[in-house]
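As a plain string of letters, each chain reads:
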Amino acid sequence: MDNSVRDWAQQAIAQCVSTVMRSRHAVRAFKQQAVDRKLVEAILADASTAPSGANIQPWRVYVVAGRVKDELGDALLAASRAGTMPAPAHFPDPLPDVFRARLQDFGARYYASLEIDRADTAARARQSERNLHFFGAPVGLIFAIDRRLKPHSWIDLGMFVQNVMIAAKARGLDTCPQVSFAPFHSVIAEYLQFQPDEVTVLAMSLGYGDPEAPVNQPAMPRERVSDFARIVGFPEAPSVP
Ligand SMILES: Cc1cc2nc3c(=O)[nH]c(=O)nc-3n(C[C@H](O)[C@H](O)[C@H](O)COP(=O)(O)O)c2cc1C
């Protein structure tokens, strides 16, 4: 292959990967279209190429569909309404101002897309409950890790989870990662018969997103590279997109 063809192929690959990454969004309304089990297995096989410290591959994933998914959702909803689950604790309290501002911006965009007044706590609670039935997606994934591992191994799991989302998007599937399942670990572990040391880290909805649904419209903004990266030692300042 001559160099110009190789350069062209490299640019096309970079463009494809960039397009897939930039078109992934958290999707919270799905079509009823089923997802083939073989597709799920292919996504997980791709995702398992994620790096992990010393290649310990700490990810564990439970995939639910059909009646199993629906019954799990029912059990979680019942537990939520019974008020017996621990309160969500995935952010520190107080949340530092810079993060609180972004969280509030997210909430404003999210509830505006649903035409829910932020003061309407009942409507917000109803929307939050939709998490527990995987926002109506045909497939749910629960990601777990051995609780004896240290935070660095949770990074490995995070890379695996991102790979799942990218591998899914490349196949035309949409996802929503969901930490809101974490407080329900005891219900999930019992229902799915976790191994003793496994702990629920997060879940994910997987399916074909409904592009018309208002909740799927907002594109959440990102900080610019120059706002979060300090780049030093290069011969000249590059232009940052
Ligand atoms: C670890 C993690 C946990 C999340 N948990 C939830 C969740 O419980 N419910 C939900 O609706 N979205 C959840 N999200 C989705 C985020 O709100 C979303 O990724 C963020 O607002 C950026 O939007 P985007 O993914 O569409 O770019 C979660 C995302 C991540 C990475």
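Residues numbered from 1 in each chain as written. Predicted model: local features only at pLDDT ≥ 70, side-chain atom pairs only at ≥ 80, totals over all residues. Heavy atoms only, no water.

A few words on the UniProt feature "domain: Nitroreductase" (unreviewed entry) in the protein chain. Mapped onto this numbering, the UniProt entry annotates "domain: Nitroreductase" (unreviewed entry) at residues 22–208. When the span residues 22–208 is considered, its composition is 45% helix and 16% strand, and the gap between its end C-alpha atoms is 17 Å. (UniProt positions renumbered as here; feature names shortened; annotations may be inferred. Helix = DSSP H or I, 4+ residues; strand = E, 2+ residues; numbered from the N terminus.)

Attention now goes to the side chain of Gln127. As for its position among the elements, Gln127 is in helix 5 (residues 121–130). Note on Gln127: relative accessible area 7%, which makes it buried. Among the polar contacts made by the side chain of Gln127, one reaches the side chain of Tyr110 at a distance of 2.9 Å. Filtering out sequence-adjacent residues up to four positions away, Gln127 remains in contact with Tyr110, Leu114, Ile116, Phe135 and Val215. (Buried < 20%, exposed > 50% of the residue type's maximum accessible area, 1.4 Å probe, protein only. Polar contact = N/O pair within 3.5 Å; in protein donor to acceptor, adjacent residues only side chain to side chain. Contact = heavy atoms within 4.5 Å.)

So, on to the sheet that holds strand 2 (residues 139–146). Within the open sheet, the 4 strands sit side by side as 1-2-4-3. Their pairing is antiparallel. Strand pairing shows two members of the sheet lacking a second neighbour, strand 1 (60–65) and strand 3 (174–178), which therefore form its edges. Strand after strand, the sheet turns through a mean of 25 degrees between neighbouring axes, direction not considered. As defined by bridge partners, strand 1 adjoins strand 2 across 6 bridges and the pair is classed as antiparallel. By the bridge assignment for strand 2, Val63 is matched with Leu141. Along the sheet, helix 3 (residues 66–82) makes contact with strand 1 and strand 2, crossing strand 1 at roughly 100 degrees. (Pairing = 2+ DSSP bridges. Axes fitted to C-alpha atoms, helices over the stretch in contact; angles between N-to-C directions.)

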